[in-house]
Amino acid sequence: KGDSLHSAPGTIWYRELFSMLDSDSEDRKIDLPFAVVAHEVAHQFQPANAHVEGWALLTESFAWYAALGVIEQEYGVEHLQRFLAFMRESYLTPRSRADVPLLRASDWFLAYRKGPFAMYPLREYIGQKNVDLAWRRLREKHASSKAPGESSFATSIDLYRELQEVTPVSLHYLLADL
């Protein structure tokens, strides 16, 4: 496909066609290339994760959560709302109400759509500083640069615990709901 991107440690690559997308001629007036590149850059700052259930929350959901903040900072709330509307279009496809919880997420929809839509309102309720602190602590505890033999891979349960630490007890129900 001519529009795919990929992030690996220290590298982000994409095919030429992607860089030619013109957001000014796009009906929604969203800068999709900027958003997707922000998402790929965010992969450079995520914790080393275990390849177990829930990996998608720590990788793709985190990258989109971070990208949403960058979009808002660069373009403002109105542009972010248009981008979120674009992302919500995935919800128009009928889905089972029996999806697995995000802590067990491993499929595309949960990783790229449901996860960011859970993290974004959490940010609104407990504050961006608190959500970012939880992510930072998780990354520090599970940095990939540990000494040989000291590997420590993060899981979605580790993230959940970090979020519990920064969330007021009165709002812990949100963690379970989201």
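Thoughts on the nonpolar core
Ranked by size, the top nonpolar core spans 20 residues in total, and within it L122, V131, W135 and L159 carry the most contacts. Of all the secondary structure elements, the ones that give two or more residues to this core are α3 (55–75), α5 (108–126), α6 (128–141), α7 (156–166) and α8 (172–177). A total of five residues in this core trace back to one element, the largest contributor, which is α3. With sequence-adjacent residues up to four places away left out, W135 is seen in contact with L57, L58, F62, Y65, M119 and L159. By size, the runner-up hydrophobic cluster in this structure holds 15 residues, among which are A35, A67, F86 and Y120.

Overview of the packing of aromatic side chains
Under the defined criterion, the tally for this structure stands at five aromatic pairs. Between F34 and Y75, the ring centres sit 5.2 Å apart and the planes meet at 85 degrees, which makes this aromatic pair edge-to-face. On the criterion of sequence distance, the pair formed by F34 in helix α2 (residues 32–42) and Y75 in helix α3 is long-range, its members being 41 residues apart. Centre to centre, the rings of F83 and F86 are 5.8 Å apart; their planes meet at 45 degrees, and the pair counts as tilted. Taken together, the residues span about one helical turn, with F83 and F86 both in helix α4 (residues 77–88) at a distance of three residues. Residue classification places F83 among the buried positions, given a relative accessible area of 1%.

Considering the pattern of salt bridges
The tally for this structure, following the rule as stated, stands at six salt bridges. Between R123 and E72 there is a salt bridge, with its nearest N and O atoms 2.6 Å apart. Linking R123 in helix α5 with E72 in helix α3, this pair joins segments that are 51 residues apart in sequence. When its relative accessible area of 6% is taken as the criterion, R123 is described as buried. It is possible to trace a salt-bridge network through shared partners that takes in E72, R123 and E124.

A closer look at α4
With 12 residues, α4 should reach 16 Å at 1.5 Å per residue; the first-to-last C-alpha distance of 16 Å fits that figure. Among all positions in α4, only H79, L80, F83, L84, F86 and M87 are buried. Each buried residue of α4 sits inside an arc of 155 degrees when the element is viewed along its axis, so together they form one side. Looking at the buried residues of α4, the elements they touch are α2, α3 and α5.

Remarks on a nonpolar patch on the surface
On the surface, V37, V41 and F45 cluster together into a nonpolar patch covering about 230 Å² of accessible area. Looking at where V37 falls in the secondary structure, it is placed in helix α2.

What to know about the side chain of Q46
Inspection of the secondary structure puts Q46 in the loop between α2 and α3. Judged by its relative accessible area of 15%, Q46 falls in the buried class. Reaching out from Q46, the side chain makes a polar contact with the side chain of H43 at a distance of 2.8 Å. Leave out the neighbours within four places in its chain, and Q46 touches L58, T59, F62, A63 and R139.

Describing the environment of T59
Along the chain, T59 turns up in helix α3. Along the chain, T59 and A48 lie 11 residues apart, while their C-alpha atoms are 9.1 Å from each other. What T59 contacts, discounting residues up to four positions off in sequence, is H43, Q46 and N49.

Looking at the environment of K29
Within the secondary structure, K29 is located in the loop between α1 (16–19) and α2. Given the relative accessible area of 42%, K29 is considered partly exposed. Expressed as a C-alpha distance, the spacing of K29 and H79, which sit 50 residues apart in the sequence, is 8.0 Å.

The rules behind these values
Residues numbered from 1 in each chain as written. Predicted model: local features only at pLDDT ≥ 70, side-chain atom pairs only at ≥ 80, totals over all residues. Heavy atoms only, no water. Core = buried A, V, L, I, M, F, W, Y, C linked by side-chain atoms within 4.5 Å. Buried < 20%, exposed > 50% of the residue type's maximum accessible area, 1.4 Å probe, protein only. Helix = DSSP H or I, 4+ residues; strand = E, 2+ residues; numbered from the N terminus. Contact = heavy atoms within 4.5 Å. Phe/Tyr/Trp six-rings, centres within 6.5 Å; stacked < 30°, edge-to-face > 60°. Salt bridge = Lys/Arg side-chain N within 4 Å of Asp/Glu carboxyl O. Expected span 1.5 Å × (residues − 1). Arc of directions from axis to C-beta. Patch = residues over 30% accessible without salt bridge, like charges linked within 9 Å, V, L, I, M, F, W, Y side chains within 5 Å. Areas by Shrake-Rupley, 256 points an atom, 1.4 Å probe, with all protein chains shown as cover. Polar contact = N/O pair within 3.5 Å; in protein donor to acceptor, adjacent residues only side chain to side chain.

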